[in-house]
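# Results of the structural survey
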Amino acid sequence: MMNILELNGITKNFGGIHALSGVDLNLEAGQVLGLMGDNGAGKSTLIKIIAGSFPPTSGTISLSGKPVNFARPREARDAGIEVVHQDLALCDNLTASMNVFLGREIVRKIGPFRFLNRTAMNEQAAELFADLKSETRPKDLVRQMSGGQRQAVAIARTRLSQPNIVIMDEPTAAISVRQVAEVLDLIRRLQRAGLAVILISHRMPDVFSVCDRVVVLRRGTKVADKPVTETSPEEVTGLITGAIETA
Amino acid sequence: MNPHNTTGEMEPDTGTDWFGLAARYAAPIFLVGLVLVFALLQPNFLHPLNLLNVLRQVSISGLIAIGMTFVILTAGIDLSVGSLVALAGLVGAYVFKGGLDNRFAIGAEAVTGNPVIYAVLAAIAVGIIGGALQGLAITRLKVPPFVVTLGGLSVFRGAALLFSGGGPISGFRPEYTWWGQGRIGIVPVPVIMFFLAAAIAHIVLKHTRFGMHVYAVGGNSAASDLNGVNTRRVTFMVYVIVGFCCGLAAFLLSARLNSAEAVAGMGLELDVIAAVVIGGTSLFGGVGSIFGTVVGALLIGVLRNGLVLMNVSSFVQQIVIGLILIAAVAFDQYAASRSRA
Ligand SMILES: Nc1ncnc2c1ncn2[C@@H]1O[C@H](COP(=O)(O)OP(=O)(O)O)[C@@H](O)[C@H]1O
Ligand SMILES: [Mg+2]
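Residues numbered from 1 in each chain as written. Chains lettered and ligands numbered in written order. Predicted model: local features only at pLDDT ≥ 70, side-chain atom pairs only at ≥ 80, totals over all residues. Heavy atoms only, no water.

### Some words on the packing of helix α2 (residues 48-73) of chain B against helix α11 (residues 268-278) of chain B
Residues and elements named next belong to chain B. Heads up, the rule is: Where helices are involved, their axes are fitted lines through C-alpha atoms of the stretch in contact, as for all axes, and angles between N-to-C directions lie from 0 to 180°. Put simply, DSSP H or I for four residues or longer makes a helix, DSSP E for two residues or longer makes a strand, and each gets a number counted from the N terminus. Orientation categories follow fixed angle ranges, with anything under 35 degrees roughly parallel, anything over 145 roughly antiparallel, 65 to 115 roughly perpendicular, and all other angles oblique. Crossing handedness is read from the near helix: turned anticlockwise from the far helix by less than a right angle, it gives a left-handed crossing, and turned clockwise, a right-handed one. Every residue pair with non-hydrogen atoms within 4.5 Å of one another is taken to be in contact. Amino acids are sorted into nonpolar (Ala, Val, Leu, Ile, Met, Phe, Trp, Tyr, Cys and Pro), charged (Asp, Glu, Lys and Arg) and polar (every other residue, Gly among them).
Contact pair α2 / α11: the axes reach a minimum separation of 8 Å and the direction vectors enclose 60°. In terms of orientation, α2 and α11 fall into the oblique class. Here α2 runs over α11; the crossing is right-handed. The residues of α11 that touch α2, namely those facing S61, I64, A65, M68, T69 and I72, are L268, D271, V272, I273, A275, V276 and V277. Class assignment for the residues of the contact of α2 with α11 results in 10 nonpolar, two polar and one charged.

Given below as structure tokens:
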């Protein structure tokens, strides 16, 4: 099967900091990949490179066999990659609905002018929130929301387009048990719809319940890449901490 | 005076937030209170001609405050507006006169070189170019807005002095001065321009994609960028917009004074920034409205006018307005820390 995403020798240096060194990664459609590693291992850096936030220092990225070079996040999004960033990337001063549609607002043409169609955006956002079983209300300001509601806003964004790849950077770090179950359920639905998912998480049970494969990064290097059926939480923990060198 | 939600949305019904309500309507309440006080103390205050006079006096700085609202919403600032007004006004007047040869000709006999429309366009072009240059320095060279526009304040003033050789260009024909002194019905032309600009700016901010992006950049620039907002272009554009307002205001001011001068607009940034901030736009960015800015501009105008009617010296007015500005920002800080908690 053709790899929907292929990373070859991805290296990223921030000044003297070697955040990533020579990371290779393949992802197939319908696959859920668990990306694990200690804080500072380079997980967020890797997904930001995939998402077009910044280019790698060296290495190549291909989508369905075609090499790509994203100059800005918008290009990655247009190529079918949706990301839930670790900090959620929300504007606190805007409503839930405006955050969902930020950068791809629905507009209505009146003569030569285009005006925001808030009604349409609010209605569509309400549907997305209902779909995510979140009680987030479209017109609420993000500033006034709970962690779970904020999470729902960031995840709802990924449902606006028909992406091929959805990446979630620690989506379950700050939410309740019930909400975690909803997020995992969503990931399973995405998988059934044939999407590829990358899940960054510190929670072993989450990774072992929804992921097909687990990749472990340690200090910027990939130290393991195997099917979850061939590993165990104990082995992954050892790989993350360095107690086990590679696997 | 920091409204918690002025991005044109409904508040959620989570019980009555008395502080939020008070904060949101502080400026309008203060304005109404001030009008009542002056009306009681000075019966002349409520005379329609006096009220129109107040509007006329705030129209120039108010027009620029509308542009400044865009800038401050992105968490920026423009200190150069007064100097840019001087430069743009001189260039507009120069174009109208077709040179410096008859710069002092007075009254209806004054020689005209070019149609008024050329003068307007020239003044606006200078404003836009000035704003664009500052916008480029801010977005490309990554120099903070405070520094760029502080430099601009000096550069544009120097350019105005150099351009005019220090003296004024004065004495325009009526088709020019009408824009500053004329009336449509009983309403002075600059007042109409002010409200027209306010209406357009309001629609742009609340009902267009660009307006939404202005709020987004002020709220969280990095997040806006990640979501595909061209933050650099938005930031650049707000300085172009305030530059446009400076150009138009410069023309109206020279028409009203029947003179364009290199020393015009000295200290104008105080009234402009005060109107925006007193009107509830947060210096932290992301929160505020054109409605608030209009209220802020009126508040300053009413205060000045009322104090004049009560024979309070202009020195004291300066002090009062400065103190109110500081109080408004203190209030904003308090509101911001309260909403973070
Ligand atoms: N923008 C940046 N500038 C400088 N250093 C960075 C930047 N982003 C990440 N780093 C560094 O790169 C390393 C990897 O960080 P990150 O990818 O955020 O790790 P993780 O998400 O696995 O916790 C860390 O040492 C971090 O300090
Ligand atoms: Mg991270």
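### As for the state of the cysteines
Residues and elements named next belong to chain B. Applicable threshold: We call a pair of cysteine sulfur atoms a disulfide whenever their separation is within 2.5 Å. For the exposure calls, accessible area comes from a 1.4 Å probe over protein chains only, and a residue counts as buried if that area is under 20% of its type's maximum, exposed if over 50%, partly exposed in between.
Overall, the coordinates contain zero disulfides over all chains when judged by the stated rule. C246 provides the cysteine sulfur closest to C245, a residue in no disulfide bond, and the two sulfurs are 7.2 Å apart. By relative accessible area, C245 is classed as buried at 6%.

### Description of the interface of chain A and chain B
To keep things clear, this is the line we draw: Buried area is understood as the total, over both parts, of accessible area removed when two parts are fitted together, assessed with a 1.4 Å probe. One side-chain nitrogen of Lys or Arg within 4 Å of one carboxyl oxygen of Asp or Glu is enough to make a salt bridge.
Listed per partner, the contact involves 28 residues of chain A and 31 residues of chain B. Sorting the residues of chain A by area buried against chain B places N93, R118 and R143 of chain A first, and these three jointly supply 20% of that buried surface. Linking chain A with chain B are one salt bridge, by the criterion used here. Residue E105 of chain A pairs with R209 of chain B through a salt bridge whose shortest N-O separation is 3.3 Å.

### Looking at the sheet that holds strand β6 (residues 81-84) of chain A
Residue and element names in this part refer to chain A. To keep it simple, the criterion reads: Note on pairing: DSSP must find at least two bridges between two strands before they are called paired.
Spatial ordering of the open sheet is given by β6-β9-β10-β3-β11-β12, a layout of six strands whose pairing is mixed. Sheet topology places β6 and β12 (221-227) at the edges, where each strand pairs with a single neighbour. Neighbour-to-neighbour, the strand axes of this sheet turn through a mean angle of 15°, independent of strand direction. Across the sheet, helix α6 (residues 177-192) touches β3 (32-36), β9 (165-169) and β10 (196-200), and the angle it forms with β9 is around 160°.

### Some thoughts on empty space enclosed by the protein
Which entries qualify depends on this criterion: In this analysis, the protein atoms alone were mapped onto a 1 Å grid. Cavities are point sets where a 1.4 Å probe fits without being able to get out; pockets are open sets with protein on both sides within 12 Å along at least five of seven lines; lining residues have an atom within 4 Å of a point. Grid points are joined across faces, edges and corners, and a volume is the space filled by probe spheres set on the points.
On inspection of all chains with the given rule, the structure shows three cavities of 30 Å³ or more. Along its surface, the largest cavity is lined by 16 residues, and L132, S134, A152, Q179 and E182 of chain A are the ones closest to its centre. Elements with a minimum of two residues in the lining of the largest cavity: α5 (147-157) and α6 of chain A. The element best represented in the lining of the largest cavity is α6 of chain A, accounting for six residues. Here the lining of the largest cavity is built from residues that sort into six nonpolar, five polar and five charged. Taken as a whole, the second largest cavity spans an internal volume of roughly 140 Å³. Contributing to the lining of the second largest cavity are 13 residues, with R77, I81, V83 and H85 of chain A together with L226 of chain B lying nearest its centre. Only α2 (73-78) and β6 of chain A provide two or more residues apiece to the lining of the second largest cavity.

### A closer look at the site of ligand 1
Residue and element names in this part refer to chain A. Selection criterion: The cutoff for a nearby residue is simple: one of its non-hydrogen atoms must lie within 4 Å of the molecule or strand. Pairing of N or O atoms within 3.5 Å defines a polar contact, subject to two protein rules: one partner must be a possible hydrogen donor and the other a possible acceptor, and residues neighboring in sequence count only if both atoms are side-chain atoms.
Around ligand 1, the neighbouring residues are F14, I17, A19, D38, N39, G40, A41, G42, K43, S44 and T45. A41 is positioned such that a nitrogen or oxygen atom in its backbone is 3.2 Å from an oxygen atom of ligand 1. With respect to ligand 1, the side chain of S44 contributes an N or O atom lying 2.8 Å from an oxygen atom. Listed by contribution, the elements that provide at least two residues to the shell around ligand 1 are β2 (17-28) and α1 (43-50). Examining the composition of the shell around ligand 1, we find that three residues originate from one element, α1, more than from any other. Broken down by class, the residue content of the shell around ligand 1 amounts to four nonpolar, five polar and two charged.

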